[in-house]
Amino acid sequence: HGLDEAIRRGRAFADAGADILFIESPETEEEMALIGKALGDLPLLVNVVEGGKTPVLSKERYAELGYQMAIYPASAFLA
């Protein structure tokens, strides 16, 4: 459905009372910046999977893009 639809849905979930927002698999920093600009006033989560589609960045860069939280679900398996 595309990035615009994902952002629209994220905003709808926030309006419905969601505590955290997660937009699945942005593929570029540009997409992440658009999500952060649109939804970064709310707790925004990035799912960081090494070798996945979402860019692996520093925690500082994620914060600059509007993300307040990051999870690394595969890191322990790759250690």
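Located above this text is the structure these notes cover.
Note that this is a predicted model, so its numbers are computed, not measured.

Cut-offs used in this document
Residues numbered from 1 in each chain as written. Predicted model: local features only at pLDDT ≥ 70, side-chain atom pairs only at ≥ 80, totals over all residues. Heavy atoms only, no water. Buried < 20%, exposed > 50% of the residue type's maximum accessible area, 1.4 Å probe, protein only. Helix = DSSP H or I, 4+ residues; strand = E, 2+ residues; numbered from the N terminus. Arc of directions from axis to C-beta. Contact = heavy atoms within 4.5 Å. Expected span 1.5 Å × (residues − 1). Pairing = 2+ DSSP bridges.

Colleague: Just give me the short version of helix H2 (residues 29-39), but keep the residues and values in it.
Modeller: Here H2 has its buried residues at Met32, Ile35, Gly36 and Leu39. Here the buried residues of H2 occupy an arc of 100° about the axis, which is enough to place them on one side. Among the exposed residues of H2, those oriented more than 90 degrees off its buried face are Glu30 and Lys37. Check the buried side of H2 and you find it contacts helix H1 (3-15), strand E1 (21-22), strand E2 (44-47) and helix H3 (59-64).

Colleague: Before we move on, could you go through H1 and cite the residues and values that matter?
Modeller: An α-helical segment advances 3.6 residues per turn. Residues three or four places apart therefore align on the same side. Compared with an ideal rise of 1.5 Å per residue, which puts 13 residues at 18 Å, H1 spans 18 Å between its outermost C-alpha atoms and is within 8% of the ideal. Those residues of H1 not exposed but buried are Glu5, Ile7, Gly10 and Ala14. Structurally, H1 contributes buried residues whose contacts are with E1 and H2.

Colleague: Before we move on, can you summarise the sheet that holds E1 with the specific residues and values?
Modeller: Read from one edge of the open sheet, three strands run E1-E2-E3, paired in parallel fashion. Strands at the two margins of the open sheet, each flanked by one partner only, are E1 and strand E3 (69-71). With two bridges connecting them, E1 and E2 associate as parallel partners. Residue pairing for E2: phenylalanine 22 is matched across the bridge by leucine 45.

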